[in-house]
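Inside the fold
Here is what each chain is made of, one letter per residue.
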Amino acid sequence: MKKFLFIFCIILLLIVSFIGYLIIRYSSWIKGFESNTNIICISDEEELDQSEELNISEKIKDFVLSDYFSEFVTFTKKEILIILYDSINSSSELDIQDICLDSQKGIWKLFIHSKFNNIQLPWLGLDIVKDSRETAELYSRNIYLGDMKVPLFLSKNILEKINKGISDALVLVSENGFLGKDIINIDLLFDSVVLKGSF
């Protein structure tokens, strides 16, 4: 009986220690994340500037109506966040509190802080990856809780659904003539996204 109690106490201590480690690591990540100047965020408390939304609409309109064989449209990181914020908030039960973007060339990390049925969720992250070849393919490799990768055996099904959603959206926009052009390349740059379209 004493051995069983000793083993149970050791296992319980390990579990509590692991949970404590995760909480401390997550808390220290939040402090560094909020002070990082390379990360751009928008929140539900901000009044989104109507001129920015009109600018996005004008860029899309100019891209679609262009008569040039090959046309480019560039969106800043903030414009991408506005598009994502509007589309996620309008199509899901999540109430987005903050949405942030940490970018490098070819890899963007999107972080979302949200509520679900008035329950505050932790910061969840997702990387969006673009290979260096000329293609309109984007995909995600990892899901994050703060800066900690969620193990693949836990996130595999979610990643498959996310990647299928990204793929289906690109097919809808490109191949079905939704824009009047085929999207032949997407470049994720440090400060912007560039779409190249062609007839």
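Our structure is the block above this text.
Every value quoted in this text rests on a predicted model; they were computed, and no experiment measured them.

The next point concerns the state of the cysteines. With the rule as written, the count across this model stands at 1 disulfide. Covalent S-S linkage joins C41 and C100, the inter-sulfur distance amounting to 2.0 Å. Sign of the S-S torsion, about 110° for the bond between C41 and C100, identifies this disulfide as right-handed. Residue C41 is located in strand β1 (residues 40–43), and its partner C100 is located in strand β3 (residues 94–104); the two are separated by 59 residues in the primary sequence. Take C41: its relative accessible area is 34%, and that puts it in the partly exposed class.

Throughout the structure, instances matching the rule amount to 6 aromatic pairs. Considering the side-chain rings of W29 and F33, the 4.5 Å spacing of their centres and the 25° angle between planes classify their relative orientation as stacked. One end of the pair, W29, and the other, F33, are both in helix α1 (residues 2–35), 4 residues apart, so they sit about a helical turn from each other. We note that W29, like F33, is buried. Taken together through their ring pairs, the aromatic side chains of Y26, W29, F33, F111 and W123 make up a single cluster. Note that K77 overlies the ring of F190, its terminal NZ or CZ placed 4.9 Å from the centroid.

With that out of the way, let us pick up the environment of L145. Mapping L145 onto the fold places it in strand β7 (residues 143–145). Exposure remark for L145: the relative accessible area of 32% places this residue in the partly exposed category. Not counting residues within four places of it along the chain, the set of residues in contact with L145 comprises P122, W123, L124 and V150.

Inspection of the secondary structure assignment puts S103 in strand β3. Under the relative-accessibility criterion, S103 is labelled buried at 3%. Among the polar contacts made by the side chain of S103, one reaches the main-chain carbonyl oxygen of F190 at a distance of 2.5 Å. The contacts of S103, once residues within four sequence positions are left out, are K77, W108, L189 and F190.

A separate point is the pairing of strand β4 (residues 107–116). Alignment of β3 against β4, held across 10 bridges, turns out to be antiparallel. Looking at the pairing, D95 lines up with K115 of β4. Hairpin connection between β3 and β4: a loop of 2 residues separates the two successive antiparallel strands, and G106 in this loop has a positive phi of roughly 90°. Bridge analysis of β4 against strand β6 (residues 124–129) gives 6 bridges, and the strand direction is antiparallel. Paired with I112 across the bridge in β6 is L124. Strand direction decides the pairing type here: β4 and strand β5 (residues 119–120), joined by 2 bridges, are antiparallel. Residue pairing in the sheet places F116 in a bridge with I119 of β5. Between the antiparallel neighbours β4 and β5 lie 2 residues, among them N117 with a positive phi of about 50°.

Moving on, we get to a nonpolar patch on the surface. Residues F6, I7, I10, I11, L14, I15, F18, I19, Y21 and I23 make up a contiguous nonpolar surface patch of about 1000 Å² in total accessible area. Structurally, Y21 is set in helix α1. By relative accessible area, which is 45% here, Y21 ends up partly exposed.

This brings us to the nonpolar core. Counting residues in each nonpolar core, the largest one holds 28 residues, and the members touching the most others are I99, I186, V193 and L195. Among the elements that line this core, the one with the most residues is helix α3 (residues 77–91), at 5 residues. When neighbours within four sequence positions are excluded, I99 is seen to be in contact with I40, C41, I42, L81, L84, Y85, I88, L110, F111 and I112. Ranked by size, the runner-up nonpolar core spans 9 residues in total, among them W29, I39, F111 and W123.

The rules behind each value
- Residues numbered from 1 in each chain as written.
- Predicted model: local features only at pLDDT ≥ 70, side-chain atom pairs only at ≥ 80, totals over all residues.
- Heavy atoms only, no water.
- Disulfide = S-S within 2.5 Å.
- Helix = DSSP H or I, 4+ residues; strand = E, 2+ residues; numbered from the N terminus.
- Buried < 20%, exposed > 50% of the residue type's maximum accessible area, 1.4 Å probe, protein only.
- Phe/Tyr/Trp six-rings, centres within 6.5 Å; stacked < 30°, edge-to-face > 60°.
- Lys NZ or Arg CZ within 6 Å of the ring centre and 35° of its normal.
- Contact = heavy atoms within 4.5 Å.
- Polar contact = N/O pair within 3.5 Å; in protein donor to acceptor, adjacent residues only side chain to side chain.
- Pairing = 2+ DSSP bridges.
- Patch = residues over 30% accessible without salt bridge, like charges linked within 9 Å, V, L, I, M, F, W, Y side chains within 5 Å.
- Areas by Shrake-Rupley, 256 points an atom, 1.4 Å probe, with all protein chains shown as cover.
- Salt bridge = Lys/Arg side-chain N within 4 Å of Asp/Glu carboxyl O.
- Core = buried A, V, L, I, M, F, W, Y, C linked by side-chain atoms within 4.5 Å.

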